[in-house]
Amino acid sequence: MIRIKALALFAATLFLLPAVASSQQRPTSEEAQRMLRSNPALIEQLRQRIMTSGLTPDQIRARLRAEGYPEDLLDAYLGEGDARAATGATEDVFAAVSALGIVDSIDVDFLRCGINFDSALVAFEVGDTLSTRRRTEEHRRQLRNLCRARLDSMQRGTLVSTVDADSGFAIFGLETFRQPTTLFDPNLSGPVDAGYRVGPGDQLVLILTGDVEQSYQLEITREGFIVIPQVGQLFVNNLTLAQLEDVLFSRLGRVYSGVRRGPGATTRFYITPARLRTNQVFVQGDVMRPGSHRVSSAGTAMTALYAAGGPTDNGSMRQIQIRRAGRTVAVLDVYDYLLRGDASNDVRLQNGDIVFVPIHGPRVRIIGEIARPATYELHGDEMLDDAIRFAGGFTPEASRRRVQIERIVPPGQRQTGGRDREVTDIISDEFASGTGPSIPVHAGDIIRVFPISARVRNRVVVRGNVWTPGPQGIEPGRSTLSSALHAAGGIKPDTYLGQILISRLQPDSTRIQLRAAFRDTTGAVVNDFVLKEDDEILVFSLTEFRQPQYLAITGAVRRGGQFPYREGMTVRDLVLLAGGLEESALLTEAEVARLPHDRTRGQTAVTFRIPLDSSYIFSRGPDGRYLGPPGLPAPSGPAPEQPLLPYDNVLILRQPNWELQRNVTVSGEVRYPGTYALQTKSERISDIIRRAGGLTTEGYADGIVFTRPDNGVGRIGIELPRILRNPNERDNLILRDGDHITIPRYSGVVHVTGAVNSPIAVAYVPGRDLPWYVRAAGGPANRADLGRAYVTQPNGKVEAAVKRRLMPDTHPKPRPGGIVFVPERDPTERDSLTVFTSLFGTIATALGSLIAIIAVLNR
């Protein structure tokens, strides 16, 4: 049963971890999940799951290929590489490890949000050792709620770490065997120490120097012999290098007279392994990968242990047994190596040795202000001071007055009512020395080291308009307000002298307000007094009380808008800030709008004109001459400077009727096509055609294309022949900037498009109307709406049939170059025959009913 206390403890573990600075932008849900998946702790969890799956890298790649995944998908998580190379766990990675059976769907859910499921179960104190299949829906529901809470906390700006961090649940020493490293790999090519025992598979090198210069590669046979030319066969199996040298002195001395001990030797030899054999050892017990392992003959127990993935969570780190020929030859304590660097008990293994890892001994968990919060295994009569030493001692923030031990009550002492745990406070002066008293600790103990008080004594804080604000120390009973202000660098010149606020903390944690004032800008205090710790001093600046003031400029300036007001500013200054005048600016006068002194009559502004002159033009040539376009004459100046007041609005007027040239493009069949600038604002189509030299002999006046891009107007239909005959014709429009006139060549065809049987260009026949051209194109199609057909004349005008009630309809007559268009009927509308048939049926039914009623009434 999941205990409420444990749930609260685990939730606190999640949410009381370091947070991301609140000033950072809060991530979205998708960004939060990406952050979790790139978490190094999550990547390490994935790597551990893959490494402890029992599959070799080649098997994993083969199964990935069989499942349809890239074979290198999990390479970054395999023990051969560095997991830090993985940039983040993607959905493909989660799907792959699930498909390979490395993790189940529940574990995948928690890996996605960065929670270690196994550690979470420990935090919940489930009780029994639960396998994956026995994880109940209740466990899953509560842990997934925490997963969602973790993701939500990231979106609120709090980054939650994994449950192992600083909680003490991490078992000390296991991470040594979970990291990919060559730390325990022996030297395969030598040299080795004199105690190394040679055996079958080793290759030795024998070098003779002096009277004889020779070298031999000597392979030790399976029977344990080596064969030296001219010397013969030697049995060397299980000899140490030192013993082998003694044998060689004897045997070589029989063949080479110069080989002898002492200074009189004339021939010397040197024997060393060139290649080491591998031994088959067995690692059993609570290890990650139990079984047979091949290790170098120079390998030790740590080498074999690392090859087997190290102990499991239940394995011991303190009593690892090395068994040879049925008896225990050594006991390895990994803590000696990890804590003191002592590898003296890490014996060299021989072929057939067994490394046995039993279940762990008593464990205690140390949390709080300790250098290495973790779970530690105790051995023998180790006490509280040993556990503290294992954990690296206290941090500087540790309170060394007491240490608390939470203990599981022994079974024989337990009482009813849930009194299965108890808490004991250990108070000792020995904590001050960095260790603690030699008090027994028991399996399952939780040792808590508390932090010192967060409150800082003998401190005041100076804030506001001083040169170096911040906290500072005081001497109780001696430091005064003036001395604190002096220590803060003194006050700034714009300080408000009328009042200083001092907030003082009372014994009941409430605050009272004290006041003082400055005598002058030197910072001397009128009514100085002694400060107390936790006083907060606030000095004000006159700038804080000033309303921001501005000036505004509009009209013919390059960058109009509001600008901060500075005392003494003039109109010329404001024009400079606005980027200067535009070319259209009137250089004789400008208008200023100022706030009125009297608002009783509803007046909002007082306006007046000020003189300008040519000196306001700042862009000039080397000779001082103005280079812009011509305009109205301006006084040479300089005009008197006009000072401005806060909130003044300056309007730079524009020259009357000033504008740049208006351009019209004339193309096609005119004598002088090109882009023409309009001479007046009232110039018309006939005027620009005349300036373009009129139409050529091939120009088709009735086909004029006149377009106006202004406000998306597009093409405008006009009658150019009438305009050329009579300039007063209404189609002779006034031209605008951007207008475009195109005169095409004569076209002797009429285009028929739309819902006709054969859209085609038909030769123009004078006098023929729209229906004739439709018939010439094969007649209307099945869905044609002939009543809505229209003609676009070559000049752009659109004409449609004129319907008459008692007379035949009149149809437009296309001109050369015109376009006849027949639209399709709206599929939602019924044709006239269908409407007539339906209406006739309704009327007939109504008449039949009426006749029947009359016949009945006449009987």
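Residues numbered from 1 in each chain as written. Predicted model: local features only at pLDDT ≥ 70, side-chain atom pairs only at ≥ 80, totals over all residues. Heavy atoms only, no water.

**What about the overall build of the protein chain?**
Argument step 1. Looking only at helices and strands, the protein chain has 19 helices and 35 strands in total.
Argument step 2. Pairs at least 24 residues apart make up 61% of the contacts formed inside the protein chain by residues separated by at least 6 positions.
Argument step 3. Carbon together with sulfur atoms contributes 52% to the accessible area of the protein chain, which is approximately 47300 Å² in total. (Helix = DSSP H or I, 4+ residues; strand = E, 2+ residues; numbered from the N terminus. Contact = heavy atoms within 4.5 Å. Areas by Shrake-Rupley, 256 points an atom, 1.4 Å probe, with all protein chains shown as cover.)

**What about the sheet that holds strand β30 (residues 740-743)?**
Argument step 1. With mixed pairing, the 5 strands of this open sheet are ordered in space as β27-β26-β30-β28-β29. Since the sheet does not close on itself, it has two edges, and those belong to β27 (674-677) and β29 (714-716), each with one partner. Taken pair by pair, the neighbouring strands of this sheet meet at an average axis angle of 25°, ignoring direction.
Argument step 2. Sheet analysis places strand β28 (residues 705-708) next to β30, joined by 3 bridges and oriented antiparallel. Bridge assignment links Thr-707 to a residue of β30, and that residue is His-740. (Pairing = 2+ DSSP bridges. Axes fitted to C-alpha atoms, helices over the stretch in contact; angles between N-to-C directions.)

**Comments concerning the sheet that holds strand β8 (residues 320-324)**
Argument step 1. Pairing is mixed across the open sheet formed by 5 strands, whose spatial order is β7-β6-β10-β8-β9. Edge positions in the sheet fall to β7 (291-296) and β9 (327-332), since each has one partner strand and no second. Within the sheet, the average angular offset between the axes of one strand and its neighbour, ignoring direction, is 30°.
Argument step 2. Alignment of strand β6 (residues 278-285) against strand β10 (residues 354-357), held across 4 bridges, turns out to be parallel.

**Topic: a nonpolar patch on the surface**
Argument step 1. Among the surface-exposed residues, Leu-839, Ile-843, Leu-847, Leu-850 and Ile-854 lie close enough to one another that they form a single nonpolar patch of about 460 Å² accessible area.
Argument step 2. Counting through the fold element by element, Leu-839 comes out in helix α19 (residues 832-858). (Patch = residues over 30% accessible without salt bridge, like charges linked within 9 Å, V, L, I, M, F, W, Y side chains within 5 Å. Salt bridge = Lys/Arg side-chain N within 4 Å of Asp/Glu carboxyl O.)

**Points about the packing of aromatic side chains**
Two measures describe an aromatic ring pair: the distance that separates the ring centres and the angle between the ring planes.
Argument step 1. Within the structure shown, the criterion is met by 13 aromatic pairs.
Argument step 2. Here Phe-225 and Phe-235 contribute two aromatic rings whose centre-to-centre distance is 5.2 Å and whose plane-to-plane angle is 65°, an arrangement assigned as edge-to-face. Remark: Phe-235 occurs in strand β4 (residues 232-235) and Phe-225 occurs in strand β3 (residues 225-228); sequence separation between them is 10 residues.
Argument step 3. For Phe-235, a relative accessible area of 47% puts it in the partly exposed group.
Argument step 4. On the numbers, 6.2 Å between centres and 35° between planes, the contact of Phe-540 with Phe-545 is tilted.
Argument step 5. Given the relative accessible area of 18%, Phe-540 is considered buried.
Argument step 6. Ring pairs connect the aromatic residues Phe-172, Tyr-335, Tyr-376 and Phe-390, which therefore count as one cluster.
Argument step 7. Directly above the aromatic system of Phe-450 lies the positively charged group of Arg-402, at a separation of 4.3 Å from the ring centroid. (Phe/Tyr/Trp six-rings, centres within 6.5 Å; stacked < 30°, edge-to-face > 60°. Buried < 20%, exposed > 50% of the residue type's maximum accessible area, 1.4 Å probe, protein only. Lys NZ or Arg CZ within 6 Å of the ring centre and 35° of its normal.)

**Let's talk about the environment of Leu-485**
Argument step 1. On the secondary structure map, Leu-485 appears in helix α14 (residues 481-487).
Argument step 2. By relative accessible area, Leu-485 is classed as buried at 3%.
Argument step 3. Once the C-alpha coordinates of Leu-485 and Thr-468 are considered, the two residues, 17 residues apart in sequence, prove to be 9.4 Å apart.
Argument step 4. Dropping the residues within four chain positions of it, Leu-485 is found in contact with Val-462, Val-466, Gly-490, Ile-500, Phe-518, Val-525, Ile-537 and Val-539.

**Focus: the confidence of the model for the protein chain**
Argument step 1. The predicted model of the protein chain has a mean per-residue pLDDT of 83, with 82% of residues at 70 or higher.
Argument step 2. A low-confidence stretch, residues 80-86 stays under pLDDT 50, and its non-local contacts, those more than four residues away or across chains, total 11 contacts.
Argument step 3. Segment residues 115-135 is flagged for pLDDT under 50; beyond a separation of four residues in sequence, or across chains, it makes 49 contacts in the model. (pLDDT = per-residue confidence, 0-100.)

**Remarks on the pairing of strand β13 (residues 398-408)**
Argument step 1. Of the strand pairs in this sheet, β13 and strand β15 (residues 446-451) are connected by 5 bridges, and their pairing is antiparallel. Residue pairing for β15: Val-403 is matched across the bridge by Val-449.
Argument step 2. Bridging between β13 and strand β14 (residues 421-427) involves 7 bridges; their strand directions are antiparallel. Within β14, the position partnered with Glu-406 by the bridge is Val-423.

**Digging into unusual backbone geometry**
Argument step 1. Of note in this structure, Ala-325 is not a glycine but carries a positive phi near 55°.
Argument step 2. In this fold, Ala-325 is placed in the loop between β8 and β9.
Argument step 3. Ala-325 gets classed as exposed once you look at its relative accessible area, which sits at 81%.
Argument step 4. Residues other than glycine seldom take positive phi values, yet Tyr-647 does so here, at roughly 75°.
Argument step 5. Locating Tyr-647 in the fold gives a position in the loop between β24 (606-611) and β25 (649-652).

**Section: the pairing of strand β1 (residues 203-210)**
Argument step 1. As judged from the 8 bridges shared by β1 and strand β5 (residues 267-275), these two strands associate in the antiparallel manner. When the sheet's bridge partners are listed, Gln-203 is paired in β5 with Arg-275.
Argument step 2. Across 6 bridges, β1 lies against strand β2 (residues 214-219) in antiparallel orientation. Among the inter-strand pairings, Leu-206 is bridged to a residue of β2, identified as Tyr-216.

**Quick word on the nonpolar core**
Argument step 1. Among the nonpolar cores identified, the biggest contains 44 residues, and Val-334, Tyr-376, Leu-384, Phe-394 and Ile-447 are the most heavily contacted of them.
Argument step 2. Sequence-distant contacts of Ile-447, defined by excluding residues within four places in its chain, comprise Val-364, Arg-365, Ile-366, Ile-367, Leu-384, Ala-387, Val-403, Gln-404, Ile-405 and Val-441.
Argument step 3. If you look at the next biggest cluster of nonpolar residues, it comprises 25 residues, including Leu-204, Leu-218, Tyr-256 and Leu-276. (Core = buried A, V, L, I, M, F, W, Y, C linked by side-chain atoms within 4.5 Å.)

**Re helix α5 (residues 91-99)**
Argument step 1. Three or more residues of α5 are buried, namely Val-93, Phe-94, Ala-96 and Val-97. End-on, the buried residues of α5 take up no more than an arc of 165°, which puts them together on one face. (Arc of directions from axis to C-beta.)

**Regarding helix α4 (residues 57-67)**
Argument step 1. When α4 is considered as a whole, its buried residues turn out to be Ile-60, Arg-61 and Leu-64. Angularly, the buried residues of α4 cover 95° about the axis, an arc narrow enough to put them on a single face. α4 presents Asp-58 and Ala-66 as exposed residues on the side facing more than 90 degrees away from its buried surface.
Argument step 2. Gly-68, located one to two residues past α4, shows a positive phi value of around 90°.

**Digging into the environment of Arg-402**
Argument step 1. Residue placement: Arg-402 occurs in strand β13.
Argument step 2. Sequence-wise, Arg-402 and Gly-436 are 34 residues apart; in three dimensions their C-alpha atoms are separated by 9.5 Å.
Argument step 3. When residues no more than four places from it in sequence are discounted, the contact partners of Arg-402 are Asp-425, Ile-426, Ile-427, Phe-431 and Phe-450.
Argument step 4. A distance of 3.0 Å separates polar atoms of two side chains, one belonging to Arg-402 and the other to Asp-425. (Polar contact = N/O pair within 3.5 Å; in protein donor to acceptor, adjacent residues only side chain to side chain.)

**Here's the deal with the environment of Gly-368**
Argument step 1. Checked against the element boundaries, Gly-368 lands in strand β11 (residues 363-368).
Argument step 2. For Gly-368, a relative accessible area of 39% puts it in the partly exposed group.
Argument step 3. The sequence separation of Gly-368 and Pro-451 amounts to 83 residues, and the corresponding C-alpha distance is 7.3 Å.

**Some thoughts on the side chain of Arg-407**
Argument step 1. Position of Arg-407 relative to the elements: it lies in strand β13.
Argument step 2. Here Asp-445 takes part through its side chain, which lies 2.9 Å from a polar atom of the side chain of Arg-407.
Argument step 3. The contact partners of Arg-407, leaving out residues within four places of it in the chain, are Asp-420, Arg-421, Glu-422, Pro-440, Val-441, His-442 and Asp-445.

**Digging into the side chain of Asp-336**
Argument step 1. Mapped onto the secondary structure, Asp-336 falls in helix α12 (residues 334-340).
Argument step 2. What Asp-336 contacts, discounting residues up to four positions off in sequence, is Gly-341, Asp-342 and Asn-345.

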